[in-house]
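Here is how the chains run, residue by residue.
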Amino acid sequence: MPKSKRNRAVTLSKTKKKGREHKEGVVNGIREAVEKYPSIYLFGYENMRNLKFKEFRDQLKSSSRFFLGSNKVMQVALGRSAGDELRPGIRKVSKLLRGDSGLMATNLPKEEVERLCREYEDYDFARTGTNATEKVELNEGPLEQFTHEMEPFLRKQGLPVRLNKGVVELISDFVVCEEGKPLSPESARILRLLGIKMATFKLHLICRWSSDDFELYKEGLDDASDVESA
């Protein structure tokens, strides 16, 4: 008789250990990078695309290291006060670690880093919940870009369509999305089918630290004065 799987003991120690080891690895990696590289940048990002970010990171792997993850873990690595900061003044970077942000340790010149972040942009299809950047409306009539096999799928997305002599036809005008309003799952799918990209993956610098300097890129920061006086 086969053994029952219902009463099999399951240990959670490996899962917990793996999580702790991962955090320790991130902390140690950041600390090694702070000691090795002359400049540390804190950057924010919009519409993160993992594959595109990996390509960007790989282009700079000979000169830089990047860290993404839990802001609290990265703060622990840098130190959050004058008493526990890893290097003098780097607590200012830690204080600004919030939201969608990451660290870049690099030996590239300041002007080169600023140029790379300023010029880097990649367009992609927007995901559910993203605010539409424009109004998209389809007019009544044939939708010749779609094959007849797609008619059932289009109807499921809320499009008022029918087949007319094998051609997908919109029987009334239809608004796919409104500018400034969040995309529904159906709207996001329709925009992808239409080939309309509304998401821009980009990076923006928040601050820069070096052993003899700290620079704040003040755009969008409400507490800049608090950080500078820290």
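You'll find the protein entered in an unreviewed UniProt entry as Ribosome assembly factor mrt4, with Linum tenue given as the organism. Quoted verbatim from the Subunit (unreviewed entry) heading of the UniProt record, the comment on the protein is "Associates with the pre-60S ribosomal particle."

Draft legend 1. Looking closely at the overall build of the protein. When you go through the protein residue by residue, the secondary structure sums to 8 helices and 11 strands. Per-residue burial for the protein yields a buried fraction of 41% across its 230 residues. Considering only contacts in the protein between residues 6 or more positions apart, those separated by 24 or more positions represent 75%. In the structure as shown, the protein presents an accessible area of about 14,300 Å², 47% of it carried by carbon and sulfur atoms.

Draft legend 2. Looking closely at empty space enclosed by the protein. The final tally for this structure, using the stated rule, is 1 cavity of 30 Å³ or more. The computed volume of the largest cavity comes to approximately 30 Å³. Together, Ile30, Ala33, Val34, Ile40, Phe67, Leu78, Leu103, Met104 and Ala105 line the largest cavity. At the level of elements, helix H1 (13–36) and strand E3 (101–106) are the ones that each hand at least two residues to the lining of the largest cavity.

Draft legend 3. Representation of the pairing of strand E11 (residues 213–216). Here E11 shows a buried face lined by Phe214 and Leu216 and an unburied face lined by Asp213 and Glu215. Two elements, strand E10 (residues 199–210) and E11, share 4 bridges in a ladder whose sense is antiparallel. Paired with Cys207 across the two strands is Leu216, which belongs to E11.

Draft legend 4. Representation of the pattern of salt bridges within the structure. Using the criterion set out here, one finds 13 salt bridges in the structure. Between Glu169 and Arg162 there is a salt bridge, and its shortest N-O distance comes to 2.8 Å. For Glu169, a relative accessible area of 15% gives the class buried. Since its relative accessible area comes to 46%, Arg162 is described here as partly exposed. Close ionic contact of Glu215 with Arg208 constitutes a salt bridge, the shortest N to O distance being 3.3 Å. Relative accessible area serves as the criterion here: at 22%, Glu215 is assigned to the partly exposed category. On the accessibility criterion, Arg208 (7% relative accessible area) is buried. Each of the salt bridges in this network shares a partner with another, and the network as a whole consists of Lys110, Arg208, Asp213 and Glu215.

Draft legend 5. Examining the pairing of strand E8 (residues 167–170) more closely. Looking at chain direction, strand E6 (residues 141–142) and E8 are connected through 2 bridges and run antiparallel. Note on E8: the bridge partner recorded for Gly141 is Leu170. Pairing analysis gives 4 bridges linking strand E7 (residues 161–164) to E8, with the strands arranged antiparallel. Within E8, the position partnered with Asn164 by the bridge is Val167.

Draft legend 6. The arrangement of the packing of aromatic side chains in detail. Per the stated rule, a full pass over the model turns up 6 aromatic pairs. Both rings, one in Phe43 and one in Phe53, keep their centres 6.3 Å apart while their planes meet at 35°; by these two values the pair is tilted. Taken together, the positions of Phe43 in strand E1 (residues 39–46) and Phe53 in helix H2 (residues 50–59) put the pair 10 residues apart, joining distant regions of the chain. Residue Phe43 shares its accessibility class with Phe53, and that shared class is buried. Centre to centre, the rings of Phe56 and Tyr120 are 4.7 Å apart; their planes meet at 45°, and the pair counts as tilted. A residue pair is termed long-range when its members are at least 10 positions apart, and Phe56 in helix H2 and Tyr120 in the loop between helix H5 (110–119) and strand E4 (121–124) qualify at 64 residues.

Reading the values: the criteria
- Residues numbered from 1 in each chain as written.
- Predicted model: local features only at pLDDT ≥ 70, side-chain atom pairs only at ≥ 80, totals over all residues.
- Heavy atoms only, no water.
- UniProt positions renumbered as here; feature names shortened; annotations may be inferred.
- Helix = DSSP H or I, 4+ residues; strand = E, 2+ residues; numbered from the N terminus.
- Buried < 20%, exposed > 50% of the residue type's maximum accessible area, 1.4 Å probe, protein only.
- Contact = heavy atoms within 4.5 Å.
- Areas by Shrake-Rupley, 256 points an atom, 1.4 Å probe, with all protein chains shown as cover.
- 1 Å grid on protein atoms, 1.4 Å probe; cavity = no way out; pocket = protein on both sides within 12 Å on 5 of 7 lines; lining within 4 Å.
- Points joined across faces, edges and corners; volume = space filled by probe spheres on them.
- Pairing = 2+ DSSP bridges.
- Salt bridge = Lys/Arg side-chain N within 4 Å of Asp/Glu carboxyl O.
- Phe/Tyr/Trp six-rings, centres within 6.5 Å; stacked < 30°, edge-to-face > 60°.

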